[in-house]
Amino acid sequence: MINKVLKYVKKYRMIEPGDTIVAGVSGGADSVCLLFALREIGKEIPLSLKVVHVNHGIRPDAAKDAAYVEDMCGRLKVPFFLVEADVRGGAKKRGLSEEEEGRRVRYQSFEEVLGGERGKIAVAHNSNDRAETMLFHLFRGTGLSGMCGIRPVNGQVVRPLLCLSRKEIESWLEERKISFCTDSTNSEDIYTRNRIRRHILPYAEQEICRGAAAHMNRTAEQLMEAEAYITRQTKAAMERCVQDKEGRGIRINIPAFFREDEYLQGRILLECVAEAAGSRKDITAVHVESAAAILGGSGNKEASLPYGLVVYKEYDWGMIQKREEKKGPEAEERYELSAGVRVEIPGLGIVESTVFPRKESQNIPEKTYTKWFDYDKITSSVVFRHRQKGDYLTINSKMGRKSLQDYFVNEKVPEKERDKRFVLADGAHLLWVPGLRISEYYKITENTRNILQVSVADKEE
């Protein structure tokens, strides 16, 4: 097994001689195997090994895991670093799920221990984890990059055990009589990934195709190669049709853009929006399609994108840049919501928001100025602001759209009041027009996992 891992490490150049390797070791089978494998690899590739264990402060038995890892590192003479964190409290404070907050804390801790040293962060994902991630991404909707699942190397993070199955790891430890801890939450269905791990993938292995996870991993490797090739092609295409607008946005030569392959057009727009935004997070296929519709349409239409971006046409050029407000003082008022933080909005009231997991027994409040929204459907920062061109609501269960302008006309909202009204917006998609209605798209359903509650305190009876 060690030779298999060493070959995989060399294939992806995960470790260079003299590297400091910070290994995340929870005490579970995978991470314990990672620790022993890295010690063996160190005989072939000189390295300095450090271990970080993060106690998330969630499980009552977590302290035993920390003590086990510390004792094991003491016996192996490997430097040990314990990080204790209130993940549950941090998740509530930041409006994240406990899974997301736990991941944030772990990687921040790994980076702090590595410090300024040359090296890598090693984590213990295996081939089953990769297959589970591929399914998770596929179910939620993803592109080619997402279907690659977990990557062997991602920046400073390396995954030496990605070539091994969970069964191979546990068999190897058993043969050598190396004990490990078992996380009690792994047997619970409280997380989506656990349900995939405990039910869906085993069913596929037993009832559909033996070796399903291994086959998926081979597919992931091929998809990685395809993704790398398409990335190179996208970069070359962008050199032909994209220009920087003097640091203020992106200019796309429309005739040149439409000479490119249709698939590359989508990739070009994705890269352009991400570059203008300074981040790829929360940029989805919907936003790419909106930008493509503007470039391929006629007239002077524009569309709002995440991060305050707007896309519009200017003769033969498509422009993606930060929105320039031109409607007077009201249009400049933007109040970004942050879970647990009260915000006083002149002309609206005191706004409070919170994020919490959905429970089946919960009743949705039937109040005019307290509303619940499906938090996981939100794609960008949620803000209270005045209306903008391109704003829309979803108005029925078939996700039919209606522009805010048409909605105001139908509801007979006086024209002089329309620019003064606040709306709760996720980009151009409105969650709520206070006092009137919320968008159908963001309503709570049986599939909702996390709820965003927003209330305007001064408006409640």
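Residues numbered from 1 in each chain as written. Predicted model: local features only at pLDDT ≥ 70, side-chain atom pairs only at ≥ 80, totals over all residues. Heavy atoms only, no water.

1. Looking at helix 12 (residues 262-277)
Then comes step 1: Under the 1.5 Å per step criterion, the end-to-end length of helix 12 is 23 Å for 16 residues, consistent within 8% with the ideal 22 Å.
Then comes step 2: Regarding helix 12, the residues found buried are Leu264, Gln265, Arg267, Ile268, Leu269, Leu270, Cys272, Val273, Ala274 and Ala277.
Then comes step 3: Capping of helix 12 at its N-terminal end is provided by Asp261; its side-chain oxygen lies 2.9 Å from the backbone amide nitrogen of Tyr263.
Then comes step 4: Downstream of helix 12 by a residue or two, Gly278 has a phi angle that is positive, lying close to 85°. (Helix = DSSP H or I, 4+ residues; strand = E, 2+ residues; numbered from the N terminus. Expected span 1.5 Å × (residues − 1). Buried < 20%, exposed > 50% of the residue type's maximum accessible area, 1.4 Å probe, protein only. Polar contact = N/O pair within 3.5 Å; in protein donor to acceptor, adjacent residues only side chain to side chain.)

2. Thoughts on a nonpolar patch on the surface
Then comes step 1: Side chains of Leu138, Phe139 and Ile200 sit close together on the surface and give an oily, nonpolar patch of about 290 Å² of accessible area.
Then comes step 2: Secondary-structure assignment places Leu138 in helix 6 (residues 127-140).
Then comes step 3: Judged by its relative accessible area of 47%, Leu138 is partly exposed. (Patch = residues over 30% accessible without salt bridge, like charges linked within 9 Å, V, L, I, M, F, W, Y side chains within 5 Å. Areas by Shrake-Rupley, 256 points an atom, 1.4 Å probe, with all protein chains shown as cover. Salt bridge = Lys/Arg side-chain N within 4 Å of Asp/Glu carboxyl O.)

3. Looking at helix 2 (residues 29-41)
Then comes step 1: With 13 residues, helix 2 extends 18 Å from end C-alpha to end C-alpha; this agrees with the ideal 18 Å at 1.5 Å per step.
Then comes step 2: Extensive coverage of helix 2 is indicated by the burial of 11 of its 13 residues.
Then comes step 3: By the burial criterion, the buried members of helix 2 are Ala29, Asp30, Ser31, Val32, Cys33, Leu34, Leu35, Phe36, Ala37, Leu38 and Ile41.

4. As for the pairing of strand 3 (residues 80-84)
Then comes step 1: Bridge count between strand 2 (residues 47-55) and strand 3: five bridges; the pairing is parallel. The partner of His53 across the bridge, within strand 3, is Leu82.
Then comes step 2: In this view, the connection linking strand 2 to its parallel neighbour strand 3 by way of helix 3 (residues 62-76) has right-handed handedness. (Pairing = 2+ DSSP bridges. Right-handed = clockwise from strand over helix to strand, strands pointing away.)

5. So, the pairing of strand 14 (residues 349-357)
Then comes step 1: As judged from the three bridges shared by strand 13 (residues 343-345) and strand 14, these two strands associate in the antiparallel manner. Bridge pairing links Ile345 to Gly349 in strand 14.
Then comes step 2: Hairpin connection, strand 13 to strand 14: the antiparallel pair is bridged by three residues, and Gly347 has positive phi, about 90°.
Then comes step 3: Relative to strand 22 (residues 450-456), strand 14 is paired through seven bridges, and the arrangement is antiparallel. Residue pairing for strand 22: Pro357 is matched across the bridge by Asn450.

6. Looking at the pattern of salt bridges
Then comes step 1: A full pass over the atoms with the stated rule returns 25 salt bridges.
Then comes step 2: Between Arg240 and Glu260 there is a salt bridge, with its nearest N and O atoms 2.9 Å apart. You can see Arg240 sitting in helix 10 (residues 212-241) and its partner Glu260 sitting in the loop between helix 11 (254-257) and helix 12, a full 20 residues away along the chain.
Then comes step 3: Overall, Glu260 belongs to the buried group, its relative accessible area being 13%.
Then comes step 4: Of the charged contacts in the structure, one is a salt bridge between Arg449 and Asp376, with a shortest N-O distance of 3.6 Å. Taken together, the residues span a long stretch of sequence, with Arg449 in the loop between strand 21 (437-438) and strand 22 and Asp376 in the loop between strand 15 (370-374) and strand 16 (382-386) at a distance of 73 residues.
Then comes step 5: A residue is classified by how much of its surface remains accessible, and Arg449, at 34% relative accessible area, is partly exposed.
Then comes step 6: If you follow the salt bridges from partner to partner, you end up with Asp129, Glu132, Arg166 and Arg197 in one network.

7. Comments concerning unusual backbone geometry
Then comes step 1: A positive phi angle is found at Arg13, which is not glycine, with a value near 50°.
Then comes step 2: Structurally, the position occupied by Arg13 is in the loop between helix 1 (2-11) and strand 1 (19-24).
Then comes step 3: You can call Arg13 exposed: its relative accessible area is 66%.
Then comes step 4: In this structure, Tyr307 is a non-glycine residue whose phi angle is positive, near 65°.
Then comes step 5: Take Tyr307: it is sitting in the loop between strand 9 (302-305) and strand 10 (309-314).
Then comes step 6: Residue classification places Tyr307 among the partly exposed positions, given a relative accessible area of 30%.

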